[in-house]
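# An overview of the molecular structure
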Amino acid sequence: MSHRTGLILDFGGVLTTPLLPAVLAFERREGLAEGACITALYLDEEGTRRTHDLERGAITQEEWNAAAARSLGVAPDNLMGRIFADLRPETALIDAAAAARRAGVRVGILSNSVGFAPWNLYEGYDLEGSYDAVVISEHHGMRKPEPAIFELALKELGLPAEACVFVDDTEQYLAPAAELGLAGVHAKDPEGTIARLEALLGVALS
């Protein structure tokens, strides 16, 4: 089999610890019912539209915080940062990405933005210094799973889709990437993700 030579990684939930446990911990701290955030922010039609607007850069994180706080009945101050306060670097995947680069694989980031202020999800990760391409959705007015943002990431990486692997913790984003020719990996746990990447890239990552 011909091994792939490019790797495109989602950020939140791939290079960080999983998102859902952080959200559940926030709900407990705020005295909310379990699942309140998912219902108000991602299942509600207006909440979903607002989040998509944030990802495209059409609204600011502060605007999102204010509206989402009203939906949840909580204080708006740094709401996004409070929701994801428990996120930590997923060191196994970060180390695997670095190992892939050392082996000659071109590695890029493709992330749907959550805004940058007052809370910056990417702070401390040195994305520009650690990866060959970085595409954050709000900088380009589009979001995953729109085909154009995958095409932009490929252009920035300098590789065709057929040469690349795409990793995301959101399974629904994998099919649109696959239609373009990328091999998809659903990030469920670091060990399984790394094993799949080693098979697709033909290099040792752990």
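As the structure is a prediction and not an experimental result, all values here were calculated from the model. (Residues numbered from 1 in each chain as written. Predicted model: local features only at pLDDT ≥ 70, side-chain atom pairs only at ≥ 80, totals over all residues. Heavy atoms only, no water.)

### Section: the overall build of the chain
- When its secondary structure is counted, the chain shows 10 helices and 5 strands.
- In terms of its C-alpha atoms, the chain occupies a principal-axis envelope of roughly 55 × 30 × 30 Å.
- The burial tally for the chain puts 49% of its 206 residues in the buried class.
- Long-range pairs, those at least 24 residues apart, make up 64% of the contacts in the chain between residues at least 6 apart in sequence.
- For the chain, the accessible surface area stands at approximately 9600 Å², while carbon and sulfur atoms represent 51% of it. (Helix = DSSP H or I, 4+ residues; strand = E, 2+ residues; numbered from the N terminus. Buried < 20%, exposed > 50% of the residue type's maximum accessible area, 1.4 Å probe, protein only. Contact = heavy atoms within 4.5 Å. Areas by Shrake-Rupley, 256 points an atom, 1.4 Å probe, with all protein chains shown as cover.)

### A word on the pattern of salt bridges
- A complete count under the given rule lists 10 salt bridges for this structure.
- Between Arg29 and Asp86 there is a salt bridge whose closest N-O contact spans 3.4 Å. Here Arg29, found in helix H1 (residues 19-30), pairs with Asp86, found in the loop between helix H5 (79-83) and helix H6 (91-102); they are 57 residues apart in sequence, far enough to count as distant.
- Counted as one network, the salt bridges with shared partners bring together Asp10, Lys144 and Asp168. (Salt bridge = Lys/Arg side-chain N within 4 Å of Asp/Glu carboxyl O.)

### Regarding helix H8 (residues 147-157)
- Burial in H8 covers these residues: Ile149, Phe150, Leu152, Ala153, Leu154 and Leu157.
- In the core, the buried residues of H8 are packed alongside strand E1 (6-9), strand E2 (106-111), strand E3 (133-136), strand E4 (164-168) and helix H9 (174-180).
- Of the residues flanking the end of H8, it is Gly158, one or two places downstream, whose phi is positive at about 80°.

### Focus: the packing of aromatic side chains
- What the rule picks out here adds up to 5 aromatic pairs.
- When the ring of Phe84 is compared with that of Trp119, the centres are 6.1 Å apart and the planes differ by 25°; the resulting orientation is stacked. Separated by 35 residues along the polypeptide, Phe84 in the loop between H5 and H6 and Trp119 in the loop between E2 and helix H7 (127-130) bring together distant segments of the chain.
- Judged by its relative accessible area of 9%, Phe84 is buried.
- Here a set of aromatic residues connected by ring pairs shows up, and it is made of Phe11, Phe116, Tyr122 and Tyr125. (Phe/Tyr/Trp six-rings, centres within 6.5 Å; stacked < 30°, edge-to-face > 60°.)

### Focus: the nonpolar core
- Judged by nonpolar contacts, the single largest core of 50 residues is most densely connected at Leu7, Leu9, Leu72, Leu79, Val165, Val167 and Leu205.
- Broken down by element, the residue count for this core peaks at 5 residues, all from H6.
- When sequence neighbours within four positions are dropped, the list of residues in contact with Val165 reads Arg4, Gly6, Leu7, Ile8, Leu182, Ala183, Val185, Leu197, Leu200 and Leu201. (Core = buried A, V, L, I, M, F, W, Y, C linked by side-chain atoms within 4.5 Å.)

### Concerning a nonpolar patch on the surface
- Together, Leu20, Ile38, Tyr42 and Leu43 give the surface a local cluster of nonpolar side chains, amounting to about 390 Å² of exposed area.
- At 3 residues, helix H2 (residues 36-43) tops the list of elements feeding residues into the nonpolar patch.
- Of note, Leu43 is situated in helix H2. (Patch = residues over 30% accessible without salt bridge, like charges linked within 9 Å, V, L, I, M, F, W, Y side chains within 5 Å.)

### Some remarks on the packing of helix H3 (residues 45-56) against helix H4 (residues 61-72)
- Viewed as axis vectors pointing N to C, H3 and H4 meet at an angle of 165°, and their least axial separation amounts to 10 Å. One way to sum up the angle between H3 and H4 is to call them roughly antiparallel. Considering only the axes of H3 and H4, their crossing is left-handed. Across from Arg50, Thr51 and Leu54 in H3, the residues of H4 making contact are Gln61, Trp64, Ala67, Ala68 and Ser71.
- Here the residues of the contact of H3 with H4 are counted per class, giving 4 nonpolar, 3 polar and 1 charged. (Axes fitted to C-alpha atoms, helices over the stretch in contact; angles between N-to-C directions. Parallel < 35°, antiparallel > 145°, perpendicular 65-115°, else oblique. Left-handed = near helix turned anticlockwise from the far one by under 90°. Nonpolar A, V, L, I, M, F, W, Y, C, P; charged D, E, K, R; others polar.)

### Topic: the sheet that holds E3
- Spatial ordering of the open sheet is given by E3-E2-E1-E4-E5, a layout of 5 strands whose pairing is parallel. Since the sheet does not close on itself, it has two edges, and those belong to E3 and strand E5 (183-186), each with one partner. Geometrically, the sheet is characterised by an average inter-axis angle of 20° between neighbouring strands, direction not taken into account.
- Bridge analysis of E1 against E2 gives 4 bridges, and the strand direction is parallel. Bridged to Leu7 within E2 is Val107.
- Contacts between H8 and the sheet are confined to E1, E2, E3 and E4, with E2 contributing the most and set at about 150° to the helix.
- Across the sheet, helix H10 (residues 190-201) touches E1, E4 and E5, and the angle it forms with E5 is around 165°. (Pairing = 2+ DSSP bridges.)

Such coordinate-based values are descriptive only and should not be taken to indicate function.
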